[in-house]
Amino acid sequence: MLDKSRLRIAMQKSGRLSDESKKLLAQCGIKINLQEQRLVAFAENMPIDILRVRDDDIPGLVIDGVVDIGIVGENVLEEEVLDRQAEGQNPQYKKLRRLDFGGCRLSIAAPRDEKYEGLQSLEGKRIATTYPHLLRRYLSEKNISFKTCLLNGSVEVAPRAGLSDVICDLVSSGATLEANGLVEVQTIYQSKACLIQREGDISAEKQALIDKLMTRIQGVVQARE
Ligand code: ATP
Ligand code: ZN
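Residues numbered from 1 in each chain as written. Chains lettered and ligands numbered in written order. Predicted model: local features only at pLDDT ≥ 70, side-chain atom pairs only at ≥ 80, totals over all residues. Heavy atoms only, no water.

### A short note on the pattern of salt bridges
Taken as a whole and assessed by the stated rule, the structure comprises 14 salt bridges. Ionic pairing is found between Asp-100 and Arg-224, a salt bridge with its closest N-O pair at 2.8 Å. Residue Asp-100 is found in the loop between strand 5 (94-98) and strand 6 (104-111), and its partner Arg-224 is found in helix 6 (residues 204-224); the two are separated by 124 residues along the sequence. Glu-184 is the partner of Arg-105 in a salt bridge, and the nearest nitrogen-oxygen pair spans 2.7 Å. Here Arg-105, found in strand 6, pairs with Glu-184, found in strand 10 (residues 182-191); they are 79 residues apart in sequence, far enough to count as distant. Judged by its relative accessible area of 30%, Glu-184 falls in the partly exposed class. Salt bridges sharing common partners tie together Asp-64, Glu-80 and Arg-84. (Salt bridge = Lys/Arg side-chain N within 4 Å of Asp/Glu carboxyl O. Helix = DSSP H or I, 4+ residues; strand = E, 2+ residues; numbered from the N terminus. Buried < 20%, exposed > 50% of the residue type's maximum accessible area, 1.4 Å probe, protein only.)

As structure tokens, then:
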């Protein structure tokens, strides 16, 4: 078992957020020796343990109180919260701050060669996505009903593969959409990485360490602006 007196921070093991997350912690003065295959890394100079996991697991680890802090995309966080709420739970966490990396948008994209005539034309259509709750929240506000095709990867090939009419996926440059013959027609959510803390009691020592890290992060982010 990990030592509960040490601050536990969860970050993405490998992916779009991992380099920036690692850099941020290093710039805060945390000396960590990340060994590629290891799930847990121990800071040498502060009472901090770093857990390196799939980004999708991070919101749940914080909400369930398994880790103290998480660095995760708002898109993944919000989807997990909506998913738990749909199951009748009341997920709790504290958002400490938005970060200055991991920027992307969740957008609906349609095949280039099919005419798109506004959101109304999505009525009754099948939409492939990894984010069914964020999509439902957006479209239900517009009174549009749709069918989902839930995919955790390769969302952009779904229309060509005959699995869906359109997609709702993360976009940054748009190159992936373009390469798959899709055009972005509607942004439904703007995301960045963020720092979240678990709800509930935390020792004074841990809270003091979190406060110190927050001050340092503020300095790091400001210096980059
Ligand atoms: P994991 O193996 O940890 O589950 P993943 O493949 O689900 O990784 P990544 O592609 O590494 O996830 O993306 C992680 C996060 O990076 C996204 O949830 C999002 O917040 C952010 N992000 C920034 N730009 C993009 C982009 N163009 N496409 C996808 N995600 C992006
Ligand atoms: Zn993931």
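From this point, the discussion proceeds with the structure in view.
### Comments concerning the nonpolar core
Nonpolar side chains tend to gather and get buried jointly when the protein is soluble and globular. One finds Ile-108, Leu-135, Leu-139 and Ile-188 to be the most contacted residues of the largest nonpolar core, which totals 33 residues. Only strand 3 (48-53), helix 2 (58-63), helix 3 (74-86), strand 6, helix 4 (132-141), strand 9 (166-171), strand 10 and strand 11 (193-197) provide two or more residues apiece to this core. In contact with Ile-108, not counting residues within four places along its chain, are Leu-119, Leu-122, Leu-135, Leu-139, Val-166, Ile-167, Cys-168, Val-183, Glu-184, Val-185, Gln-186 and Ile-188. Grouped together as the second largest cluster of nonpolar side chains are 28 residues, Met-11, Leu-99, Leu-213 and Met-214 included. (Core = buried A, V, L, I, M, F, W, Y, C linked by side-chain atoms within 4.5 Å. Contact = heavy atoms within 4.5 Å.)

### Re the sheet that holds strand 4 (residues 69-73)
Spatially, 6 strands are ordered 2-3-1-4-11-5 in an open sheet, and the strand pairing comes out mixed. Strand pairing shows two members of the sheet lacking a second neighbour, strand 2 (40-42) and strand 5, which therefore form its edges. Recorded for the sheet is a direction-independent mean angle of 25° between the axes of neighbouring strands. Across 2 bridges, the pairing between strand 1 (residues 7-12) and strand 4 is parallel. Residue pairing across strands places Ile-9 opposite Ile-69, the latter belonging to strand 4. Contacting strand 4, strand 5 and strand 11, helix 3 runs over the sheet at an angle of about 105° to strand 4. (Pairing = 2+ DSSP bridges. Axes fitted to C-alpha atoms, helices over the stretch in contact; angles between N-to-C directions.)

### Regarding the sheet that holds strand 9
The strand order 8-7-9-6-10 describes an open sheet built from 5 strands, whose pairing is mixed. The two strands at the open ends of the sheet, each matched to only one other strand, are strand 8 (147-150) and strand 10. Shown here is a sheet whose adjacent strand axes are inclined to one another by a mean of 25°, direction ignored. Bridge count for strand 7 (residues 126-129) against strand 8 is 4 bridges, and the pairing is parallel. From the neighbouring strand, Thr-129 faces strand 8, where its bridge partner is Leu-150. Lying on the sheet, helix 3 is in contact with strand 9 and strand 10; it crosses strand 10 at an angle near 75°.

### Let's talk about the coordination of the zinc ion (ligand 2)
Bound to the zinc ion (ligand 2) are the protein donor atoms Asp-55 (OD) and Asp-56 (OD), situated 2.0 Å from the metal. Between the 4 donor atoms coordinating the zinc ion (ligand 2), the angles at the centre fall across 77 to 171°, so the site counts as irregular. The class of Asp-55 is buried, set by a relative accessible area of 18%. (Donors = N, O, S within 2.8 Å, 3.2 Å for Na, K, Ca; no water. Tetrahedral: all angles 85-135°; square planar, octahedral: opposite > 155°, others 65-115°.)

### Some points on the packing of helix 3 against helix 4
Relative orientation of the contacting elements helix 3 and helix 4 amounts to 80°, with a least axis distance of 8 Å. Relative to helix 4, the element helix 3 lies roughly perpendicular. Judged by residue contacts, Asn-75, Glu-78, Glu-79, Leu-82, Asp-83 and Ala-86 of helix 3 engage Pro-132, His-133, Leu-134 and Arg-137 from helix 4. (Parallel < 35°, antiparallel > 145°, perpendicular 65-115°, else oblique.)

Note that all results are geometric; they support no functional claim without further evidence.
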